[in-house]
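The chain contents come next:
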Amino acid sequence: MNQTSTEQEVDPVVTEIVRNGVLAVTEEMKTNLMRTAYNMIIYEALDFTVGLFTAKGETVSIGLGLPMFIRGMSETIKAKLAHFGPDGIEPGDIMVTNDAYITGSHLNHVTFSLPIFHEGRLVAFSCCMAHWLDIGGVLGGMTTDIYSEGLQIPIVKYRKAGVINQDLVDIISMNVRLPPRAMGDLRAQITAVTTGERRFLELLDRYGQNEVLNSISTIMDHSESTSRSLTRSIPDGVYEAESFMDDDGIDLGKPVPIRVRVTVADETMTVDLSDVSKQVRGFYNSGVTTGHACAQVAFKCLTSPTDYPINQGAFRNLETIVPLGRVISAQKPAPMRWWMTFPMTIVDTIFKALAPVIPDRVIAGHHADLLAIQFYGMNPRNSEFFIGNFGPLGGGWGAKMTEDGVSATVCINDGDTHNGPCEQLETKFPILVESLSLIQNSGGAGRHRGGLGIERVVSARTDVTFNSQSDRAHCAPWGLQGGLDGTGNAVAVRSDGVWKDDFPNAKVLTMRLTEGEAFGLRSGGGGGFGDPLERPLEDVRYDVEQGYVSLEAARDHYAVAVDATTFALDVEGTEQLRAARTQ
């Protein structure tokens, strides 16, 4: 399973069986993790990624989960291989780390890797990254270095030749606030990687080691061929775009610049992130593997989004330039607790750069934030300390050239993750979800309208401390080709019956709520695509009837008049509005 093409003959039938087989393996890994995990962030939100990798750490198949880990798990395995050396890994080992500068993310992402041996030969790795609700460190507020963010686990063996390292388990258990849950999630991850090992070995036993490994090489070659072909369909040239993040949570009101350069030359694309902001003081940094992943996620979406399994071959014609010391290639001791926020805007900005030449493959800007709320306190029902998490909230995605943006959908960084059911959160924690609704007029107007954001209002049933770390309040999701911007993300707090919503950004850290007080979180809408005046009149009328667009917005942005009582199209009024636009 080398990166170069295999010249050995392979059976195309076996190849297709292996293609679907590795997908089935990672799907079962995912299912078993969900069934055995202790925390909602894993079994409900699905904040994890599983995968199979070659003996060299190349991606064979990534299961459902975080797109940004398309690179992170591969690089983590390669780092473990480099650390232990070719002779330092043996059957029965399981390696672990949460080193943020290797994985590219925060310390809460603990990654277990199991080497798979067959007939005495290392043939693959089974890997699982999952989000632990707590990893120690400062519970709320802003961090300014990695040391305050929790326990750092270097590359070590959780299990050596089948024997668990109990000293390591004890160290982890002592450094987290909720040891039973952490240990439960640890065991769930072990279940996932051992599932991957067992099922992959069954594949090898049934079809033969050489046949399976050669089929995987063929699958990678096919993915490469597809990717190269679709890259050639993009006009050669150098394309640039820029955007910004609100601030780093410390230097309030100081925008963080995002600039990208994309070069297309025949069948190769180069994504240059040299002009992305230097690493920042607040906890919005991520490691260099995430910088590369930004380019890979955008590239996959633009070239071969439906070619599965996602594997290393699909990225052989992608080159990335990610100098160290940027906000997506931060160096120690930069804080990284909220690592996921900035990368998704970089992906959006890559789309923006290429919009003039491939408008049919890109989308307008989306809300680009988890909008996840962490809250904690003492539960009066059992007098126990609790840590809860709302998120990801979901919001509006940008419209395409051919269709409206989707509403109430999780941001691109979190891909297949889900929001937590309100009823389950109310059962587990002393909070009450007062409302959860789409936000009228939040999607940018256009020939195709941007998706709508969501508003969620949550009240405390006991004293609770909550943290909102969201961004993109001021950098609204942009429209394309005449489409209007969507609304930005926002946070508000209700105290004594009065709402406060004049915060400088969408970041509210360690705010104390007493019983009956509440917080509200509003996700942004997606940008529109195309001239709003080209939107079919019936589509505008329908949007007004459904409450997606107000009567006033229909008049002001679309020059469409709708009867306020019957929601029938006012043809005469519409003609007058449009005639006035031409004067």
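This text goes with the structure placed above it.
Residues numbered from 1 in each chain as written. Predicted model: local features only at pLDDT ≥ 70, side-chain atom pairs only at ≥ 80, totals over all residues. Heavy atoms only, no water.

K.L.:
Could you give me a rundown of the overall build of the protein chain, with the residues and numbers involved?
P.N.:
Within the protein chain, the secondary structure is distributed over 13 helices and 20 strands. Taking the principal axes of its C-alpha atoms as reference, the protein chain extends roughly 80 × 60 × 40 Å. The 583 residues of the protein chain split such that 60% are buried. Restricting to contacts in the protein chain with at least 6 residues of sequence separation, those with at least 24 account for 73%. For the protein chain, the exposed area adds up to about 21900 Å²; of that, 50% sits on carbon and sulfur atoms. (Helix = DSSP H or I, 4+ residues; strand = E, 2+ residues; numbered from the N terminus. Buried < 20%, exposed > 50% of the residue type's maximum accessible area, 1.4 Å probe, protein only. Contact = heavy atoms within 4.5 Å. Areas by Shrake-Rupley, 256 points an atom, 1.4 Å probe, with all protein chains shown as cover.)

K.L.:
Tell me about the pattern of salt bridges, and please be specific about residues and values.
P.N.:
Summed over all chains, the structure comprises 32 salt bridges. Across the pair Arg494 and Glu434 runs a salt bridge, and its minimum N-O distance is 2.8 Å. Here the residue Arg494 occupies a position in strand 17 (residues 490-495), and Glu434 occupies one in strand 14 (residues 431-438), the gap between them amounting to 60 residues. Exposure remark for Arg494: the relative accessible area of 16% places this residue in the buried category. Relative accessible area serves as the criterion here: at 39%, Glu434 is assigned to the partly exposed category. The salt bridge involving Asp471 is made with Lys507; its shortest N-O contact spans 2.7 Å. (Salt bridge = Lys/Arg side-chain N within 4 Å of Asp/Glu carboxyl O.)

K.L.:
Got a sec to walk through unusual backbone geometry? Specific residues and values, please.
P.N.:
A cis amide bond links Tyr308 to the next residue, Pro309, at an omega of -5°. When you line up the elements, Pro309 lands in the loop between helix 8 (288-303) and strand 11 (318-321). For Leu46, which is not glycine, the phi torsion reads 65° and is therefore positive. One can find Leu46 in the loop between helix 2 (40-43) and strand 1 (48-54). Taking the relative accessible area as the measure of exposure, Leu46 reaches 8% and is therefore buried. One non-glycine residue with positive phi stands out, namely Phe567, at about 60°. For Phe567, the position within the fold is in the loop between helix 12 (551-558) and helix 13 (571-582). Judged by relative accessible area, which is 26%, Phe567 ranks as partly exposed.

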